[in-house]
Amino acid sequence: MISLTDGYISKSMFKVLDSKDHDLASRLLGMQERALNDWMSLLRLDQGSHAGLLHLINVGHNVEKMIPAVKAEELSAGEIFLLLAAVLLHDIGRILPRRGPRCEERPCPLGKINEPFPCTKPDWDHHWRSSEIIQQFGLELGLPDDKTVRYCALLAYCHRLAKPPVEKQDTEFGESCWLKEFKKPDFRNTSIEPLGPVRIPLLAAILRVADETENHWTRALTERWF
């Protein structure tokens, strides 16, 4: 049984957040409750891997493993809140129906696209869709203000990138592809009111590794569940 008096995404990190800023901790609890009630049940399986609550809890556990307690205390309350909010929301793009590439209505400049291009995979762009949903509905999801919405969306966007968005992404689609991702000017250490100083590249790296390691080690469904 999940208790909403505690943070189910990352219990130890939530306790540090609560000790630093009780208001932000309470806001995160509200976001978690809203997620359970409103949209988490809509998340789809990803080709035999867990989605939804179990995946989010496991990503939160990986965050805890990556950040020793002494280092967690060095993070600001704003950084912890933004990181845990991004863990909660990073896969929200999976609630949308499956579809083709974002450029499906344009003629492909590369001709017929086959494997290994990611745009042929069912959920290849859910990080982009997560970012769009957060930017459009972030306040309704419980984030405190427009700036926090923008940076939470950026963290969600980064969780599937091959490298940080400080430059153009790898050319796996080809130089002429419509879908190439470009650099993001907001990907930097900055200050967000009311969160204060936040190290966006650090938080993005933590989420990226926590999600990717969960995919590889604890996410696969066992054969008997099929």
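Reading guide: rules and limits
Residues numbered from 1 in each chain as written. Predicted model: local features only at pLDDT ≥ 70, side-chain atom pairs only at ≥ 80, totals over all residues. Heavy atoms only, no water. Salt bridge = Lys/Arg side-chain N within 4 Å of Asp/Glu carboxyl O. Buried < 20%, exposed > 50% of the residue type's maximum accessible area, 1.4 Å probe, protein only. Helix = DSSP H or I, 4+ residues; strand = E, 2+ residues; numbered from the N terminus. pLDDT = per-residue confidence, 0-100. Axes fitted to C-alpha atoms, helices over the stretch in contact; angles between N-to-C directions. Parallel < 35°, antiparallel > 145°, perpendicular 65-115°, else oblique. Left-handed = near helix turned anticlockwise from the far one by under 90°. Contact = heavy atoms within 4.5 Å. Expected span 1.5 Å × (residues − 1). Polar contact = N/O pair within 3.5 Å; in protein donor to acceptor, adjacent residues only side chain to side chain. Core = buried A, V, L, I, M, F, W, Y, C linked by side-chain atoms within 4.5 Å. Phe/Tyr/Trp six-rings, centres within 6.5 Å; stacked < 30°, edge-to-face > 60°. Lys NZ or Arg CZ within 6 Å of the ring centre and 35° of its normal. Pairing = 2+ DSSP bridges.

Engineer: I'd love a proper account of the pattern of salt bridges, names of residues and values included.
Structural biologist: One pass over the full model with this rule turns up 7 salt bridges. For the salt bridge of Lys71 with Glu74, the shortest nitrogen-to-oxygen distance reads 3.6 Å. Judged by its relative accessible area of 44%, Lys71 falls in the partly exposed class. Residue classification places Glu74 among the exposed positions, given a relative accessible area of 51%. Counted as one network, the salt bridges with shared partners bring together Arg150, Asp186 and Arg188.

Engineer: Report on unusual backbone geometry, specifying residues and quantitative values.
Structural biologist: The omega angle of the peptide bond from Glu193 to Pro194 is 5°, so this bond is cis rather than trans. In this fold, Pro194 is placed in the loop between strand E1 (189-192) and strand E2 (196-199).

Engineer: For the confidence of the model for the protein, give the residues involved together with the corresponding values.
Structural biologist: Confidence along the protein averages 83 in pLDDT terms, with 75% of residues attaining 70 or more. Considering each helix and strand of the protein separately, the mean pLDDT is smallest for helix H8 (residues 200-217), with a value of 87, and largest for helix H5 (residues 77-89), with 96.

Engineer: Break down the packing of helix H3 (residues 53-66) against H5 for me, citing the residues and quoting the values.
Structural biologist: Two numbers describe how H3 lies on H5: the axes approach to 9 Å, and their chain directions differ by 150°. Viewed along their axes, H3 and H5 adopt a mutual orientation that is roughly antiparallel. When you trace H3 past H5, the crossing you get is right-handed. Seen from H3, the contacting residues are Leu56, Val59, Gly60 and Val63; seen from H5, they are Leu83, Val87 and Leu88.

Engineer: How would you summarise the side chain of Gln32 if you had to cite specific residues and measurements?
Structural biologist: Within the fold, Gln32 resides in helix H2 (residues 22-38). We classify Gln32 as buried; its relative accessible area is 0%. If we skip the residues at most four places from it in the chain, Gln32 touches Asp6, Gly7, Tyr8, Ile9 and Leu88.

Engineer: Describe the environment of Gly142, with residues and values.
Structural biologist: Within the secondary structure layout, Gly142 lies in the loop between helix H6 (126-141) and helix H7 (146-158). Measuring from C-alpha to C-alpha, the distance between Gly142 and Gly30 comes to 7.0 Å, with 112 residues separating the pair along the chain. If we skip the residues at most four places from it in the chain, Gly142 touches Arg27, Met31 and Arg34.

Engineer: Tell me about H7, and please be specific about residues and values.
Structural biologist: The terminal C-alpha atoms of H7, which comprises 13 residues, lie 19 Å apart, in line with the 18 Å expected from a rise of 1.5 Å per residue. Burial analysis of H7 places 10 of its 13 residues in the buried class, which makes it a mostly covered element. Listing the buried residues of H7 in full gives Thr148, Val149, Tyr151, Cys152, Ala153, Leu154, Leu155, Ala156, Tyr157 and Cys158. N-cap assignment for H7: the residue whose side-chain oxygen lies 3.0 Å from the backbone N of Lys147 is Asp145.

Engineer: Break down the nonpolar core for me, with residues and values.
Structural biologist: Counting 59 residues, the largest nonpolar core has Met13, Trp39, Leu82, Leu88, Leu89, Ile134 and Leu143 as the members making the most contacts within it. Among the elements of the structure, helix H1 (11-20), H2, H3, H5, H6, H7 and H8 are those that each provide at least two residues to this core.

Engineer: An account of the packing of aromatic side chains is requested, with residue identities and associated values reported.
Structural biologist: Where two aromatic rings form a pair, the distance of their centres and the angle of their planes describe that pair. Applying the stated rule across the entire model yields 0 aromatic pairs. In this structure, Lys184 packs its charged tip against the face of Tyr157, placed 4.6 Å from the ring centre.

Engineer: Please set out the pairing of E1 residue by residue, giving values where relevant.
Structural biologist: Two faces make up the sheet, and in a regular strand the side chains alternate between them. The alternating pattern of E1 places Thr190 and Ile192 on a buried face and Asn189 and Ser191 on a face that is not buried. Pairing between E1 and E2: 4 bridges, direction antiparallel. Opposite Ser191, over in E2, you have Pro197 as the bridge partner. If you look at the hairpin formed by E1 and E2, you'll find 3 residues sitting between the two strands.

Engineer: Please provide a residue-by-residue account of the environment of Leu56, values included.
Structural biologist: Here Leu56 shows up in helix H3. Residue Leu56 is classed as buried on the basis of its relative accessible area of 1%. Linking Leu56 and Ile9, residues 47 residues apart in sequence, is a C-alpha distance of 6.3 Å. For Leu56, the contacting residues outside a window of four places in its chain are Ile9, Met40, Val87, Leu88 and His90.

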